[in-house]
Amino acid sequence: MFDLGLVNGKAFVCGKVADANIYVSKGKIAKVSGAREKAEKTIDCSGLLILPGAIDSHVHFREPGMEKKEDWRTGSRAAAAGGICTVIDMPNTKPPTTTVKLLEEKRKIAEKKSIVNFGLNFGASSENAAEMRKAKGIAGFKVYMGTTTGDLKIEGDTDILQAFRIAKAKGVPAAVHAEDEGLIRHYAALLKGRGDPLAYCDSRPVSVAIKGLERAIAQASIAKNHLHVCHVSSIEEVRLIAEAKKAGLKVTCEACPHHLFMGRKDVEKLGNFVKMNPPLRGDRERHELLRALETGLIDIAASDHAPHLREEKMKGVWEAASGVPGVETMLPLLLNEVARGNMSLARLVEAVCEKPAAIFGFRKKGKIAKGFDADFTVVDLGKEWVIRDEEMHSKCGWTPYHGWKIRGKVEKTIVKGKLVFSS
Ligand code: DOR
Ligand code: ZN
Ligand code: ZN
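Just so you know, these numbers come straight off a predicted model, no measurement behind them.

Calculation notes
- Residues numbered from 1 in each chain as written.
- Chains lettered and ligands numbered in written order.
- Predicted model: local features only at pLDDT ≥ 70, side-chain atom pairs only at ≥ 80, totals over all residues.
- Heavy atoms only, no water.
- Phe/Tyr/Trp six-rings, centres within 6.5 Å; stacked < 30°, edge-to-face > 60°.
- Helix = DSSP H or I, 4+ residues; strand = E, 2+ residues; numbered from the N terminus.
- Buried < 20%, exposed > 50% of the residue type's maximum accessible area, 1.4 Å probe, protein only.
- Lys NZ or Arg CZ within 6 Å of the ring centre and 35° of its normal.
- Donors = N, O, S within 2.8 Å, 3.2 Å for Na, K, Ca; no water.
- Salt bridge = Lys/Arg side-chain N within 4 Å of Asp/Glu carboxyl O.
- Pairing = 2+ DSSP bridges.
- Near = heavy atom within 4 Å.
- Polar contact = N/O pair within 3.5 Å; in protein donor to acceptor, adjacent residues only side chain to side chain.
- Areas by Shrake-Rupley, 256 points an atom, 1.4 Å probe, with all protein chains shown as cover.
- Nonpolar A, V, L, I, M, F, W, Y, C, P; charged D, E, K, R; others polar.
- Expected span 1.5 Å × (residues − 1).
- Contact = heavy atoms within 4.5 Å.

1. Thoughts on the packing of aromatic side chains
- Inspection of the entire model under this criterion finds seven aromatic pairs.
- With 5.1 Å between their ring centres and 85° between their planes, Phe61 and Trp72 make a pair best called edge-to-face. Of this pair, Phe61 sits in the loop between β6 (54-59) and α1 (72-81) while Trp72 sits in helix α1; the two residues are 11 residues apart in sequence, bridging distant segments of the chain. Across the pair, exposure class does not vary: Phe61 and Trp72 are buried alike.
- An aromatic cluster is present here, built from Phe61, Trp72 and Phe118 joined pairwise through their rings.
- For the cation-ring pair, Lys364 lies above Phe372, with the distance from its terminal atom to the ring centre recorded as 5.3 Å.
- A cation sits over an aromatic face here: Lys409 above Trp385, 5.0 Å from the ring centre.

This is the structure in structure tokens:
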């Protein structure tokens with residue numbers, strides 16, 4: 001007898017959608033068959049589509065230290081409601097995750113509170129090489145080249161090279177926030193007299209991200225490590241990454257929903273609520289980015305879920321916090337693209353399940369197949385609904401997509417054979 005059966009639904013198995021009854025034993029997929037079997041518990045998935053559990057490889061769950069914005073309980077609930085079965089948390093917490101002790105403390109908190117699977121990124125700084133070498137059980141290292149929330153940062157190329165070499169030796173990716181700090185300061189000084197929200201976008205133009213990326217690629221070509229470029233926000237970055245791949249470097253990249261679905265026009269409407277690093281760009285840029293995600297030129301989607309309280313957003317343009325929540329809305333917004341025929345289902349599954357699992361070393365995730373972890377995202381591709389602040393689970397209590405009507409809804413989220421969300 002199996003522990004759990006997902007019955008009467010359709011599932012994405014072996015690259016296509018087919019009728020399937022899926023059975024789970026001890027948190028693993030035990031059988032994927034057309035026939036009905038006996039199970040202790042069944043979940044009726046009539047009219048629904050079962051996908052491999054989605055992965056969001058870029059979230060900021062804020063604990064320890066910034067629990068006013070989010071904690072592992074609320075963050076993981078938001079993830080589950082957004083169909084995300086696995087998250088990777090970033091190290092810019094308070095204190096930043098830059099020592100083995102702090103890493104293990106964060107792991108304990110997450111183990112206790114998280115209702116979804118998690119991986120942790122270890123923060124690289126200019127002073128913590130010895131700790132980086134000792135770190136165990138991490139998804140990757142995070143390298144911040146430019147200032148953002150918190151003060152974790154590496155500015156010099158030799159320090160970046162050292163971090164990349166350690167990542168290479170440990171066999172994990174170095175995930176990079178590639179905005180060049182020197183250029184950021186240069187532009188900010190020029191624009192500090194302006195007080196409109198677009199001034200912030202202008203202070204971090206595409207050239208800031210390009211310069212950061214060029215420097216990161218130069219060091220990765222020496223260290224020969226796996227470079228994962230976070231939140232690409234321009235098509236020029238995508239082209240540089242494609243060239244680096246062609247030259248034989250191991251480079252992967254992610255795009256975030258805000259850079260795909262919002263632009264400078266939204267800054268005019270929502271002001272500092274959509275202040276973020278890197279900032280929103282023009283419409284041409286975002287359409288090309290969306291196309292690049294759809295065609296696979298951009299490897300994966302990740303949310304960069306960066307919750308901040310309303311009052312932290314209702315400040316002047318230079319003082320307001322940077323970042324938007326997104327773990328709960330990423331998959332629905334992408335399902336909407338699938339429902340509208342802009343993106344194939346196979347590509348969606350690759351971008352949020354298969355490839356994130358491959359990049360961050362989750363060997364038994366990303367696929368519905370015997371022996372894989374029993375993580376499932378169950379969706380209704382036909383359902384229309386409206387995203388609303390009041391319905392979000394994140395502690396911050398707002399979403400930049402409030403009022404957006406989309407098609408494609410997460411109905412159930414199952415983590416290691418346990419139902420963690422049902423709509
Ligand atoms: O806008 C951002 N917010 N960009 C980042 O890189 C960090 C994030 C945060 O942690 O708030
Ligand atoms: Zn970043
Ligand atoms: Zn981030």
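Still more to cover.
2. Some points on the coordination of the zinc ion (ligand 2)
- The protein atoms that coordinate the zinc ion (ligand 2) are His177 (ND1) and His231 (NE2), at distances spanning 2.0 to 2.1 Å.
- In this structure, the zinc ion (ligand 2) lies 3.7 Å from the zinc ion (ligand 3). Here the residue His177 occupies a position in strand β10 (residues 174-177), and His231 occupies one in the loop between β11 (227-229) and α8 (235-246), the gap between them amounting to 54 residues.
- Residue class for His177 comes out buried when judged on its relative accessible area of 2%.
- What makes His231 buried here is its relative accessible area of 2%.

3. Observations regarding the coordination of the zinc ion (ligand 3)
- Here the zinc ion (ligand 3) is held by the protein donor atoms His58 (NE2), His60 (NE2) and Asp304 (OD), which lie 2.0 to 2.1 Å from it.
- Here the donor residues of the zinc ion (ligand 3) share one chain and are spaced in sequence as H-x1-H-x243-D.
- Owing to a relative accessible area of 8%, Asp304 belongs among the buried residues under this scheme.

4. Examining the pattern of salt bridges
- In total, this model carries 37 salt bridges according to the counting rule given.
- The shortest N-O distance in the salt bridge between Lys395 and Asp71 comes to 2.7 Å. Of this pair, Lys395 sits in the loop between β14 (376-386) and β15 (405-415) while Asp71 sits in the loop between β6 and α1, placing them 324 residues apart in sequence.
- The exposure class of Lys395 is partly exposed, given its relative accessible area of 34%.
- The closest approach of N and O atoms between Asp180 and Arg215, which form a salt bridge, is 2.5 Å. Of this pair, Asp180 sits in the loop between β10 and α5 (181-191) while Arg215 sits in helix α7 (residues 206-223), and the two are 35 residues apart along the sequence.
- For Arg215, a relative accessible area of 17% corresponds to the buried category.
- Counted as one network, the salt bridges with shared partners bring together Lys28, Lys365, Asp373 and Asp375.

5. Notes on the sheet that holds strand β12 (residues 251-255)
- If you trace the eight strands from one edge of the open sheet to the other, you get β6-β7-β8-β9-β10-β11-β12-β13, paired in parallel fashion. On the outer flanks of this sheet lie β6 and β13 (300-301), each paired with one strand and no other.
- The sheet contact formed by strand β8 (residues 117-123) and strand β9 (residues 140-144) spans three bridges and is parallel. Each bridged residue has a counterpart across the sheet, and for Gly123 the counterpart in β9 is Lys142.

6. Re the site of ligand 1
- Around ligand 1 there are 14 residues in total, and Arg62, Asn92, Thr149, Asn277 and Ser322 lie nearest to it.
- His177 places a side-chain nitrogen or oxygen 3.0 Å from an oxygen atom of ligand 1.
- The separation between an oxygen atom of ligand 1 and a polar main-chain atom of Asn277 is 2.8 Å.
- Out of a free accessible area of 290 Å², ligand 1 has 99% covered by protein chains.
- A breakdown of the residues in the shell around ligand 1 according to their chemical character gives two nonpolar, 10 polar and two charged.

7. Structural notes on α8
- Helix length check: α8, at 12 residues, gives a terminal C-alpha distance of 16 Å against a target of 16 Å (1.5 Å per residue), a fit within 8%.
- Within the span of α8, buried status applies to Ile235, Glu237, Val238, Leu240, Ile241 and Ala244.
- Tucked inside the fold, the buried residues of α8 contact α7, β11, β12 and α11 (283-295).
- Where α8 terminates, the next one or two residues include Gly248, which has phi positive at roughly 100°.

8. Examining the side chain of His60
- By the element assignment, His60 lies in the loop between β6 and α1.
- Judged by its relative accessible area of 5%, His60 falls in the buried class.
- Reaching out from His60, the side chain makes a polar contact with the side chain of His58 at a distance of 3.3 Å.
- Among all residues touching His60, those that are not within four sequence positions of it are Asp89, Met90, Asn92, Tyr144, Asp304, His305, Ala306 and Pro307.

9. Some words on α1
- Across the 10 residues of α1, eight count as buried, placing the element largely inside the fold.
- Those residues of α1 that fall on the buried side of the exposure criterion are Trp72, Thr74, Gly75, Ser76, Ala78, Ala79, Ala80 and Ala81.
- Tucked into the core, α1 has its buried residues touching β7 (84-89), α2 (100-113), β8, β15 and β16 (418-422).
- Backbone nitrogen of Arg73 and a side-chain oxygen of the N-cap are separated by 2.7 Å at the start of α1; the cap is Asp71.
- Positive phi appears at Gly83, one or two residues downstream of α1, with a value of about 80°.

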